[in-house]
Amino acid sequence: MKLTGAEIIWECLIREGVDVVFGYPGGAILPTYDAMTKYPQIHHVLTRHEQGATHMADGYARASGKVGVAIATSGPGATNMVTGIATAMMDSSPIVCITGQVGSRALGTDAFQETDVTGVTLPVTKHNYLVTRASDVARVLREAFYLARSGRPGPVLVDITKDAQQSTAEFDWEAVAPRLPGYRPDLRALPSEYARAVELINSAQRPVILCGQGVIKAGATEQVLELAQTARVPIAVTLLGIGAVPASSPLNLGMMGMHGEAWVNQAIQQADLLIALGMRFDDRVTGNLKTYAPHAKKIHVEIDPSEVNKNVPVDVALIGDLRDVLDEVLPRVRAAERADWWTKIAAMKGDSAVRDIQALPDNGHLYAAHVINDLWRATKDRDTIVVTDVGQHQMWEAQYYRHEQPRSLITSGGLGTMGFALPAAIGAKFACPEKEVWVVVGDGGFQMTSCELATIAQEKLKLNVAIINNAFLGMVRQWQEFFYDKRYAATPLLGPDFVKLAEAYGLKGVRVTRRREVTDAVEDARVEGGTVVFDFRVEQEESVFPMVPAGADLDAMIRRPKRDVLVETGADTEWQMPGADSAAVSELTLTGAPAPAAAQLRPSVQPAAKRRPRVRLRRKLAKASR
Ligand SMILES: Cc1cc2nc3c(=O)[nH]c(=O)nc-3n(C[C@H](O)[C@H](O)[C@H](O)COP(=O)(O)OP(=O)(O)OC[C@H]3O[C@@H](n4cnc5c(N)ncnc54)[C@H](O)[C@@H]3O)c2cc1C
Ligand SMILES: Cc1ncc(C[n+]2csc(CCOP(=O)(O)OP(=O)(O)O)c2C)c(N)n1
Ligand SMILES: [Mg+2]
């Protein structure tokens, strides 16, 4: 059958099982948009920015496990995609980006809206293509989908010249099955490596499983739990591994790393064996590499050989898909109790729990941690996806929302892309329309892609958007507080009235300034048919604890100062924290700064005298290392 290159694009997308694409038109991609009208089975979502289209495709991919698709025109359309592509690359998210390109004869002439987008995206794609003939479109697109989803997933860009879209070619889907002999997503470990790994597991006294996003991608939750249960190995999760094993499982200690739980980092530092499953030893996870897990042998189960021995030298690497590898390992793992190790961990946990996540009566202030924790309580019995942006709110979400399901937290980990959450949540909603989708976003990141509220309105989507509004670029402010003597250069943040902004898009806006209003507000949002945008006016100068300063030893954490108490949960209002002295409580009541009503329009750094006393970093570090 003879079709135009543009028609072949849509035929291929249908055969790849694509039902929705996110895009923005322009001259060089116009033939493809024109052909789209013949293919009503694919829903096109008109975004408000091409970055949004890539994050939507990414959010769709992360929520569904399928390949997400984004489309843009040449030049500025394509370059606007770069941040979203890099975000997907860092977190191994399978997306295919299709860009229009100037006509093949004009290539290299600085033609109108010409950018060498394959050159630009070479380092941030798993692979990319420039297609100049209609006859290559089907083969390339089929390869692109295969590459995006196989092995270690990732983004693939296909740049198609305008004449390749306009001219015709024979379309034969069967004839273009991918044949890529140099691409080996199916590598396997040797029997001797399996034997060594099993021996290390069976002989370990203090093992810890490091559970990463690869567990979610492989769908290996049950096997990981079986390994942990049989051999009684505690599990620590990375930020992107959250949800891979239920937060409620007694085997799951919680998050590791820079803002991980203190006892988790301590357990890793004291372990004699780390079993790393689908995680890549990011620097936010290891801290100082020289002192990382000094007593531990290391087993690394990884699909991508280039990750092995990259940051952390390991004793055994088992290359392959986690499910296949664990199928081999599990029958050979001996049941064990490891009671001493669990007793030790329980002792560390008790100490940290009291210091870092303290429960106190509601004192009238609104802390971000409250909002997150109340949100968790109100939504935990629903099938909920939370999509977070980047910053303090992202870390509080990781700490105070307890995820039970894989793919229930979607967040930009590796690139840490502000502006990710709102568009990624739109993609997640298209992937899982039956699920309740919450956006947890800072006032800074929200303003980066808030134009996508118009996409929400046009598509009549039901989302819930929780803006954690501290009138600061909070995470940067925290670093300035700890490491730059509180010189808040360029971090106080002016924002619009978010309630009015939501209303301007025809959505509902709600402002919440008090703790006791949170749960009702969340419940009200449920019964509301359309999207609700919350402006949660939270404490402005709160910090995320614990914190491993960049490059410090993993267990040299800055801990929440004892006097700096934080209310943990809504249900704990009658509960007195053991050992919480009344002086600490009254100090908080006296000096904790309520978010002023007009904070939004007057990004104020409170006068020094009114700020809560803070311990300087040197003292904190000295204390932590003691
Ligand atoms: C402000 C901020 C603070 C952060 N703080 C923390 C923190 O405190 N703690 C923390 O953990 N992270 C933190 N992060 C995130 C961090 O930067 C990394 O993104 C994260 O640690 C990576 O987690 P991962 O290795 O599990 O996932 P990925 O980076 O996605 O790596 C997954 C690995 O699994 C492999 N894999 C994929 N599929 C399979 C399969 N089928 N079989 C086998 N292997 C597979 C991949 O090849 C890859 O190497 C923070 C990020 C930000 C923005
Ligand atoms: C696109 C982008 N620019 C800059 C940064 C650096 N950065 C990391 S966190 C942060 C502050 C985020 O502020 P906000 O969105 O208000 O969230 P908060 O930390 O206050 O919760 C900044 C600027 C980034 N991660 N991404
Ligand atoms: Mg903020």
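Residues numbered from 1 in each chain as written. Chains lettered and ligands numbered in written order. Predicted model: local features only at pLDDT ≥ 70, side-chain atom pairs only at ≥ 80, totals over all residues.

Novice: Honestly, the overall build of the protein chain in this entry has me stumped. Any pointers?
Specialist: A tally of regular secondary structure across the protein chain gives 25 helices and 20 strands. Counting over 626 residues, the protein chain shows a buried share of 52%. Counting only contacts in the protein chain whose residues sit at least 6 apart along the sequence, the fraction spanning at least 24 positions is 78%. (Helix = DSSP H or I, 4+ residues; strand = E, 2+ residues; numbered from the N terminus. Buried ≥ 20, exposed ≤ 12 C-beta atoms within 10 Å, placed from the backbone. Contact = placed C-beta atoms within 7 Å.)

Novice: Teacher, can you tell me more about the sheet that holds strand 6 (residues 127-131) here?
Specialist: Pairing between the strands of a sheet is mediated by backbone hydrogen bonds and can be parallel or antiparallel. On the basis of which strands lie adjacent, the open sheet formed by six strands has the order 3-2-4-5-7-6 and parallel pairing. Where the open sheet ends on each side, the last strands, each with one partner, are strand 3 (43-46) and strand 6. Averaged over all adjacent pairs, the angle separating strand axes in this sheet is 20°, with direction ignored. Contacts from helix 3 (residues 50-64) reach strand 2 (20-23), strand 3, strand 4 (68-72) and strand 5 (95-101) within the one sheet, and its direction differs from that of strand 4 by about 170°. (Pairing = 2+ DSSP bridges. Axes fitted to C-alpha atoms, helices over the stretch in contact; angles between N-to-C directions.)

Novice: Help me out: how do you make sense of the sheet that holds strand 19 (residues 508-512) in this one?
Specialist: Strand order in the open sheet made by the six strands is 16-15-17-18-20-19, with parallel pairing throughout. Because the sheet does not close on itself, it has two edges, and the strands there are strand 16 (409-410) and strand 19. In terms of strand pairing, strand 15 (residues 384-388) meets strand 17 (residues 436-442) through five bridges, oriented parallel. In the strand pairing of strand 17, V387 is matched with V439. Contacts between helix 17 (residues 392-400) and the sheet are confined to strand 15, strand 17 and strand 18 (464-469), with strand 17 contributing the most and set at about 135° to the helix.

Novice: What is the right way to look at the environment of E539 in this model?
Specialist: Residue placement: E539 occurs in the loop between strand 20 (532-537) and helix 24 (582-591). Looking at E539, the number of C-beta atoms within 10 Å reads 20, which means it is buried.

Novice: Just to check I follow, could you spell out the site of ligand 2 for this structure?
Specialist: As a structural note, the neighbourhood of ligand 2 is formed by 20 residues, with G391, M418, G442, G444 and G474 the closest of them. If you list the elements that add at least two residues to the shell around ligand 2, you get helix 17, helix 19 (443-449) and helix 21 (474-483). Split into classes, the residues belonging to the shell around ligand 2 amount to seven nonpolar, 11 polar and two charged. (Near = placed C-beta within 6 Å. Nonpolar A, V, L, I, M, F, W, Y, C, P; charged D, E, K, R; others polar.)

Novice: Can you help me understand the site of ligand 1 in this one?
Specialist: Neighbouring residues of ligand 1: 38 residues in total, closest G212, G214, G257, G413 and G416. For the shell around ligand 1, the secondary-structure elements that each account for two or more residues are helix 10 (213-218), helix 13 (283-286), strand 13 (297-302) and helix 17. By residue number, the principal contributor to the shell around ligand 1 is helix 10, which donates four residues. When grouped by side-chain class, the residues that make up the shell around ligand 1 number 14 nonpolar, 14 polar and 10 charged.

Novice: I'm lost on the pairing of strand 15 in this one. Help?
Specialist: Every regular strand shows the same layout, with side chains that alternate between the two sheet faces. Burial of strand 15 is extensive: five of the five residues sit out of reach of the surface. Alternating residues of strand 15 divide into T384, V386 and T388 and I385 and V387, and every residue in both groups is buried. Alignment of strand 15 against strand 16, held across two bridges, turns out to be parallel. Bridging across to strand 16, V387 finds its partner in I410. Running through helix 17, the crossover from strand 15 to the neighbouring parallel element strand 16 is right-handed. (Right-handed = clockwise from strand over helix to strand, strands pointing away.)

Novice: When you look at the packing of helix 16 (residues 368-379) against helix 17 in this model, what are you seeing that I'm missing?
Specialist: The description of two helices packed together rests on the angle between their axes and the distance between the axes. At their nearest, the axes of helix 16 and helix 17 sit 9 Å apart, and the two run at 45° to each other. In terms of orientation, helix 16 and helix 17 fall into the oblique class. For the element pair helix 16 and helix 17, the recorded crossing hand is right-handed. The residues of helix 17 that touch helix 16, namely those facing A368, A369, I372, N373 and W376, are Q392, H393, W396, E397 and Y400. Looking at the contact of helix 16 with helix 17 residue by residue, the classes come out as six nonpolar, three polar and one charged. (Parallel < 35°, antiparallel > 145°, perpendicular 65-115°, else oblique. Left-handed = near helix turned anticlockwise from the far one by under 90°.)

Novice: Would you explain helix 12 (residues 262-270) in this entry?
Specialist: An α-helical turn contains 3.6 residues, so any two residues separated by three or four positions project in the same direction. Counting buried positions along helix 12 gives seven out of nine residues, so the element sits mostly inside the fold. Among the residues of helix 12, those classed as buried are A262, W263, V264, N265, Q266, A267 and I268.

Novice: Explain helix 14 (residues 322-329) here, please?
Specialist: Those residues of helix 14 lying buried are L322, V325, L326 and V329. Within helix 14, the buried residues cover an arc of 95° as seen down the axis, which keeps them to one side. The secondary structure elements touched by the buried residues of helix 14 are helix 9 (191-203), helix 10, helix 11 (221-231), strand 12 (273-277), strand 13 and strand 14 (316-319). (Arc of directions from axis to C-beta.)

Novice: Could you clarify how one ought to interpret unusual backbone geometry in this entry?
Specialist: Glycine aside, a negative phi is what most residues show, and trans is what most peptide bonds show. Look at the link from F545 to P546: it is a cis peptide, with omega at -10°. Here P546 shows up in the loop between strand 20 and helix 24. Here K460, not a glycine, exhibits a phi torsion of approximately 55°, which is positive. For K460, the position within the fold is in the loop between helix 20 (453-459) and strand 18. Look at A490: it is not a glycine, yet its phi comes out positive at around 60°. Looking at the element boundaries, A490 is found in the loop between helix 21 and helix 22 (498-504). On the basis of neighbour count, A490 is assigned to the exposed category, with 9 C-beta atoms found within 10 Å.

Novice: Could you clarify how one ought to interpret the pairing of strand 4 in this entry?
Specialist: The element strand 4 is largely enclosed, with a buried count of five among its five residues. Alternating positions in strand 4 separate into two faces, G68, A70 and A72 on one and V69 and I71 on the other, with burial throughout. Inspection of the sheet shows strand 2 paired to strand 4 by two bridges, in the parallel sense. Opposite F22, over in strand 4, you have A70 as the bridge partner. Summarising the sheet, strand 4 and strand 5 pair through five bridges and their orientation is parallel. Opposite I71, over in strand 5, you have I98 as the bridge partner.

Novice: What's the story with the packing of helix 3 against helix 5 (residues 82-90) in this structure? I'm lost.
Specialist: Orientation of helix 3 relative to helix 5, taken along the N-to-C sense of each, is 25°, at an axis distance of 7 Å. By the criterion of interaxial angle, the relationship of helix 3 to helix 5 is roughly parallel. Residues Q51, T54, H55 and D58 of helix 3 form the contact with helix 5, whose participating residues are T83, G84, I85, T87 and A88. By residue class, the composition of the contact of helix 3 with helix 5 is two nonpolar, six polar and one charged.

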